[in-house]
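Okay, here's what each chain looks like letter by letter:
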Amino acid sequence: MWKINTLYLILIMNLVYINFATGQIVVQKGVLSQSVTSFVTTNKSVINHGKLIHQGTLVAEEDILNYSEYEASEGTLVLKGEDQIISSTSTTLGGVEVIYGGKKNIKGTFYIQDHLSLNRGMLRVPEKSKLILQENATIHQSSAISYIQGYLYHQGEGEKFFPVGSVDQYAPLTLHNVSGENTTLGVTYLPQKNIPYWRQNVLSGTYLGSTLSLNFQSNKQDYLYYQDALEVMALQEVDGKLNTLGVQYLTNEESRFTITSSKKTTLPWLSVGFSEVSALERVFVPNAYSTSATNIEDQGIKVYGKYISFENFHFGIQDQWGRWVYQTASLLDAMDNGWKQSNLSHSITKYRYIISGKFLSGTTFQRSDIIVNF
């Protein structure tokens, strides 16, 4: 069914037809054309083997499969379907708008000349496909329910916004003052092991770097607790050497971070991490206590330290027979509460603590010592 408003539509009969068995509109050899002011909605798949001229607004609820000529540089394609596929070898569109939820799949190479609007729905770009915003194209909206999964490319220099994310997380990135020559630069979001990672890819031209702002959601305790040491990082490869880009400013609202670098980079991988804290990292556990001490801190055993990671932490105390009297995997519990001897064990005067973990730099530690009740 076609819903048509203000339409100038040419159908060359016998060459453009509706296949009622498959529910498809097939352009076999002819021309299917719209005027610039037209507005067309179709709930049927469109398969083009002829010449498809698209100048107005086309609202598609099903697939559009192009195997021939598709002229749409003055047209706006509105993607309204669920699990919809838009495929073409290489096509320039005036604009693309994503609405009504679901997943829209781009297959092939698409250039957007005017605007990309992400209102509601995921726009997926698989590995061998390309979605390229031309130099003056703009991006509208985008949110946690509407963003791009895969690479988004921008042509040109200046301020470039990439509303990208993974399957379940919106993590947009902005490059500030991109410099280069005839640059086409892409970004995708590829988190790994609970760590946010973005990948830059230079498709063509020369890229001379930019500062950047990262935006991501994380409940990682290290990020939440040590925000003062969090910085933007650049890497040649994942798990490679961290190159700090500093931090110009950082905000955190309901575990959503926005962090802006103070330095430029051209390195392909971008992330966050901790830098220049190794000289301050320390861990200390007292080896004596007294239940009658005047200072409450001396009445039990706590962990004291700085820049200890919340991950892979363990602290425990054994009695003289090797039985655990206290264990925790919570760094905050070990530092805030720790262990105090119970009234039932006053006859025991010697214990042993065992602690293991790592610092923010990744350096691991493991220690053990006798604790004496004095």
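First, a word on scope: everything that follows refers to the structure included in this document.

Rules used throughout
- Residues numbered from 1 in each chain as written.
- Predicted model: local features only at pLDDT ≥ 70, side-chain atom pairs only at ≥ 80, totals over all residues.
- Heavy atoms only, no water.
- Helix = DSSP H or I, 4+ residues; strand = E, 2+ residues; numbered from the N terminus.
- Contact = heavy atoms within 4.5 Å.
- Phe/Tyr/Trp six-rings, centres within 6.5 Å; stacked < 30°, edge-to-face > 60°.
- Buried < 20%, exposed > 50% of the residue type's maximum accessible area, 1.4 Å probe, protein only.
- Pairing = 2+ DSSP bridges.
- Salt bridge = Lys/Arg side-chain N within 4 Å of Asp/Glu carboxyl O.
- Core = buried A, V, L, I, M, F, W, Y, C linked by side-chain atoms within 4.5 Å.
- Polar contact = N/O pair within 3.5 Å; in protein donor to acceptor, adjacent residues only side chain to side chain.

Describing the overall build of the protein chain
Thought 1: When its secondary structure is counted, the protein chain shows two helices and 34 strands.
Thought 2: In the protein chain, the share of contacts with a sequence separation of at least 24, taken over all contacts with a separation of at least 6, comes to 43%.

Remarks on the packing of aromatic side chains
Thought 1: Following the criterion strictly, the structure yields 20 aromatic pairs and no others.
Thought 2: Note on Tyr-225 and Tyr-226: the rings are 5.1 Å apart at their centroids and 85 degrees apart in plane angle, and the pair reads as edge-to-face.
Thought 3: Exposure remark for Tyr-225: the relative accessible area of 46% places this residue in the partly exposed category.
Thought 4: Looking at Tyr-226, the relative accessible area reads 6%, which means it is buried.
Thought 5: Between the aromatic rings of Tyr-289 and Trp-339, the centroid separation amounts to 5.4 Å while the plane-to-plane angle is 80 degrees, which identifies the pairing as edge-to-face. Of this pair, Tyr-289 sits in strand β29 (residues 288-289) while Trp-339 sits in the loop between α2 (331-336) and β33 (350-358); the two residues are 50 residues apart in sequence, bridging distant segments of the chain.

Considering the pairing of β33
Thought 1: Alternating residues of β33 divide into Tyr-351, Tyr-353, Ile-355 and Gly-357, all buried, and Lys-350, Arg-352, Ile-354, Ser-356 and Lys-358, none buried.
Thought 2: Two elements, strand β31 (residues 314-318) and β33, share five bridges in a ladder whose sense is antiparallel. When the sheet's bridge partners are listed, Phe-315 is paired in β33 with Ile-355.
Thought 3: Relative to strand β34 (residues 364-373), β33 is paired through nine bridges, and the arrangement is antiparallel. Across the sheet, the residue bridging to Tyr-353 is Asp-369, located in β34.

Here we look at the pattern of salt bridges
Thought 1: One pass over the full model with this rule turns up six salt bridges.
Thought 2: When the shortest N-O distance is used, the salt bridge between Lys-51 and Glu-71 registers 3.5 Å. With Lys-51 in strand β8 (residues 51-53) and Glu-71 in strand β11 (residues 69-79), the pair connects residues that are 20 residues apart, well separated along the chain.
Thought 3: A relative accessible area of 37% means that Glu-71 is categorised as partly exposed.
Thought 4: Close ionic contact of Lys-80 with Glu-61 constitutes a salt bridge, the shortest N to O distance being 3.6 Å. Of the two residues, Lys-80 is situated in the loop between β11 and β12 (84-98) and Glu-61 in the loop between β9 (57-60) and β10 (64-66); the sequence distance between them amounts to 19 residues.
Thought 5: Since its relative accessible area comes to 22%, Lys-80 is described here as partly exposed.
Thought 6: One network of salt bridges, with partners in common, ties together Lys-220, Glu-311 and Lys-358.

What about the sheet that holds strand β32 (residues 324-328)?
Thought 1: Pairing in this open sheet of five strands is mixed, and the strands run β29-β34-β33-β31-β32 from one edge to the other. Of all the strands in the sheet, just β29 and β32 have a single pairing partner and so form its edges.
Thought 2: Relative to β34, β29 runs parallel, the two being bridged by two bridges. From the neighbouring strand, Ala-288 faces β34, where its bridge partner is Val-372.

Brief notes about the nonpolar core
Thought 1: In terms of nonpolar packing, the biggest core is built from 76 residues, with Trp-198 and Phe-315 touching the most fellow members.
Thought 2: Counting residues per element, this core draws most heavily on strand β21 (residues 173-189), at six residues.
Thought 3: Beyond its immediate stretch of four places on either side in the chain, Phe-315 contacts Val-285, Ile-301, Val-303, Tyr-326, Gln-327, Thr-328, Ala-334, Tyr-353, Ile-354 and Ile-355.

A look at unusual backbone geometry
Thought 1: Phi at Ser-255 takes a positive value of approximately 65 degrees, unusual for a residue other than glycine.
Thought 2: In this structure, Ser-255 sits in the loop between β25 (249-253) and β26 (256-260).
Thought 3: Phi is positive for Asn-312, which is not a glycine, with a value near 60 degrees.
Thought 4: Structurally, the position occupied by Asn-312 is in the loop between β30 (304-306) and β31.
Thought 5: Among the residues examined, Asn-312 registers a relative accessible area of 63% and is labelled exposed.

Comments concerning the side chain of Ser-146
Thought 1: Along the polypeptide, Ser-146 turns up in the loop between β16 (138-141) and β17 (148-149).
Thought 2: One polar contact links the side chain of Ser-146 to the main-chain carbonyl oxygen of Gly-121, over a distance of 3.0 Å.
Thought 3: Every residue in contact with Ser-146, bar those within four places of it in the chain, is listed here: Val-98, Leu-118, Asn-119, Arg-120, Gly-121 and Met-122.

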